[in-house]
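# What the coordinates show
If you want the building blocks of each chain, they are given just below.
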Amino acid sequence: MSIEIISIIVLFVSFFVLLLLKVPVAYSIGISTTLSLLLNIDKLPGLTTIAQRMTTGIDSFALLAIPFFILAGEIMKRGGIANRLINFAKSLVASLPGGLAYVNVLASMLFGAISGSALAAASAIGSIMTDRMEEEGYPRTFSASVNITSSTTGLLIPPSNILIVYALASGGTASVAALFIAGYLPGILLGLAIMGYIAFVAITKGYAKGKRATLFEVWTFFRKAFFSLMLLVVVVGGIVAGIFTATEASVIAVLYAAVLALIYGDMKMKEFPEVLLTSAKTTAVVMFLICTSMAMSWLFSFEGIPEMISTFLLEQLNNKFAIFLAINIILLIIGTFMDMTPAVLIFTPIFLPVVTTLGMDPVHFGIVIVLNLCIGICTPPVGTLLFVGSGVAKISVTQVIKPLLPFLAIMVIVLMLISFIPEISMFLPKLFNL
């Protein structure tokens with residue numbers, strides 16, 4: 001057995017063993033990469049290689065957008081925006097059967113899109129909506145399931161940090177602007193699909209309707225939420241129009257959110273240091289994940305793993321639909337035990353050459369891989385959104401698993417539609433010539 005094969009085996013075995021031992025993902029990636037590099041020490045300058053790759057991995061102007069969008073999301077979470085979006089959503093859909101569940105979905109879509117964070121949406125919206133829904137007879141497990149799955153729409157609807165990470169991992173073949181605009185229809189489709197299942201449950205179980213809002217009330221709540229909603233127009237519109245880059249847009253998002261929070265009066269100047277500290281801690285975790293993931297991704301290329309997998313798939317599965325299905329299944333499995341950021345950075349260079357060879361656009365594949373991993377963060381054992389959503393609802397993870405399963409099935413159906421109907425993702429980028 002050659003040293004290259006042994007190195008690959010050591011890489012994967014050590015990585016999975018460390019995950020099973022509950023070592024944090026970033027450390028698992030870094031340690032397994034280092035162990036594999038030790039077997040190739042005769043081919044490399046030394047262990048300084050891993051430090052160099054970690055450093056160069058985050059030496060990207062585009063990645064500057066991530067800490068700023070994280071900061072903007074943290075400001076929005078504390079700045080009264082969530083309540084305004086919930087009240088606006090309630091005025092639109094609360095009168096339907098199961099109306100509060102629709103409010104949960106719509107508010108999560110809006111807040112997730114504005115903040116760019118599924119975790120922020122789950123905690124901000126879930127903490128408010130779970131108690132309100134329980135008062136009207138909804139089980140907390142059902143409310144948590146709605147909150148967990150609908151929060152993922154914010155990772156598809158721009159601005160989205162994970163789409164920026166994918167743009168980096170794609171080597172520039174997919175622009176941030178194209179990915180942002182491509183995420184709208186898939187994100188909305190996912191939200192509507194979740195609402196469709198809610199309608200079925202609401203009708204069969206007889207969930208109550210809310211009071212129908214008057215046009216004046218709708219207008220009042222829209223007016224109060226207007227400047228929050230305008231953030232989407234300012235950020236995404238500016239990027240698509242070429243007025244500023246995604247990184248510049250992230251700075252504008254911070255300034256916009258900060259001014260808005262102060263105007264609303266829900267956040268005081270004395271709270272900003274704490275917000276900055278929280279955002280810095282989150283940024284450090286994300287950037288360390290990116291560092292170690294980029295080192296592992298480089299090792300994959302060094303060992304020729306992308307070429308090996310590409311050759312295997314193309315030779316063993318002659319049908320491109322079978323290859324797409326196989327890649328989706330692999331990504332769904334990966335998503336259950338790996339966080340989104342390292343998964344995108346590590347597996348994009350592996351699968352992107354395969355799908356592009358078969359005619360899939362890199363932008364389309366970006367939406368596919370993100371939606372795959374959105375399902376992963378809703379499932380055990382590592383599903384961060386699952387733990388946040390159940391924690392906010394004050395129920396155990398085991399309690400929410402069963403009611404969550406139909407929602408996950410809905411997400412998989414939407415994934416298949418997006419995977420095999422490229423127009424869903426590519427219609428808007430083509431319309432805007434991106």
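Residues numbered from 1 in each chain as written. Predicted model: local features only at pLDDT ≥ 70, side-chain atom pairs only at ≥ 80, totals over all residues. Heavy atoms only, no water.

Per an unreviewed UniProt entry, the chain goes by the name TRAP transporter large permease and belongs to Lutibacter litoralis. What UniProt states about the chain under its Subcellular location (unreviewed entry) heading is, verbatim, "Cell inner membrane". (UniProt positions renumbered as here; feature names shortened; annotations may be inferred.)

### A few points about the pattern of salt bridges
Opposite charge on two side chains permits them to pair, given that their charged atoms come into close proximity. A complete count under the given rule lists two salt bridges for this structure. Here Asp 131 ties to Arg 140 by a salt bridge, and the two come within 3.1 Å at their closest N and O atoms. Note on Asp 131: relative accessible area 35%, which makes it partly exposed. In this structure, the salt-bridge partner of Glu 134 is Arg 140, at a minimum N-O distance of 2.5 Å. Glu 134 gets classed as partly exposed once you look at its relative accessible area, which sits at 40%. Via salt bridges that share partners, Asp 131, Glu 134 and Arg 140 belong to a single interconnected network. (Salt bridge = Lys/Arg side-chain N within 4 Å of Asp/Glu carboxyl O. Buried < 20%, exposed > 50% of the residue type's maximum accessible area, 1.4 Å probe, protein only.)

### Concerning the side chain of Thr 341
Tracing the chain through its elements places Thr 341 in helix α17 (residues 340–357). Classification of Thr 341 by relative accessible area gives buried; the value is 10%. Setting aside its immediate chain neighbours within four residues, Thr 341 contacts Ile 162, Val 165 and Ile 290. (Helix = DSSP H or I, 4+ residues; strand = E, 2+ residues; numbered from the N terminus. Contact = heavy atoms within 4.5 Å.)

### A few points about the environment of Gly 237
Within the secondary structure layout, Gly 237 lies in helix α12 (residues 215–240). Judged by relative accessible area, which is 33%, Gly 237 ranks as partly exposed. Between the C-alpha atom of Gly 237 and that of Cys 374, which follows or precedes it by 137 residues, the distance is 25 Å.

### Quick word on helix α16 (residues 320–337)
In this model, α16 (18 residues) spans 27 Å end to end at C-alpha, consistent with the 26 Å of a helix rising 1.5 Å per residue. Turning to α16, its buried residues number three or more, namely Ile 323, Phe 324, Ala 326, Ile 327, Asn 328, Leu 331, Leu 332, Ile 334, Gly 335 and Phe 337. Its side-chain oxygen placed 2.7 Å from the backbone nitrogen of Phe 321, Asn 319 serves as the N-cap of α16. (Expected span 1.5 Å × (residues − 1). Polar contact = N/O pair within 3.5 Å; in protein donor to acceptor, adjacent residues only side chain to side chain.)

### Quick notes on the environment of Ile 75
Checked against the element boundaries, Ile 75 lands in helix α4 (residues 65–78). Separated by 64 residues in sequence, Ile 75 and Pro 139 place their C-alpha atoms 30 Å apart.

### Thoughts on a nonpolar patch on the surface
Judged by side-chain polarity, Leu 185, Ile 188, Leu 192, Phe 427, Leu 431, Phe 432 and Leu 434 come together as a nonpolar surface patch covering roughly 640 Å² of accessible area. Looking at the nonpolar patch, the elements with two or more residues in it are α11 (184–205) and α21 (423–431). The greatest single-element share of the nonpolar patch, amounting to three residues, is contributed by α11. If you trace the backbone, Leu 185 turns up in helix α11. On the basis of relative accessible area, Leu 185 is assigned to the partly exposed category, the value being 33%. (Patch = residues over 30% accessible without salt bridge, like charges linked within 9 Å, V, L, I, M, F, W, Y side chains within 5 Å. Areas by Shrake-Rupley, 256 points an atom, 1.4 Å probe, with all protein chains shown as cover.)

### Points about the packing of aromatic side chains
By the definition in use, this model includes 14 aromatic pairs. For the ring pair Phe 142 and Phe 407, a centre distance of 5.9 Å and an interplane angle of 55° mean the geometry is tilted. Note that Phe 142 is positioned in helix α8 (residues 140–150) and Phe 407 in helix α20 (residues 397–420), a separation of 265 residues in sequence. By the burial criterion, Phe 142 is buried, and Phe 407 matches it. Put simply, the rings of Phe 88, Trp 219, Phe 222, Phe 226 and Phe 227 pair up and form one aromatic cluster. Here Lys 320 stacks its cationic end above the ring of Phe 321, 5.7 Å away from the centre of that ring. (Phe/Tyr/Trp six-rings, centres within 6.5 Å; stacked < 30°, edge-to-face > 60°. Lys NZ or Arg CZ within 6 Å of the ring centre and 35° of its normal.)

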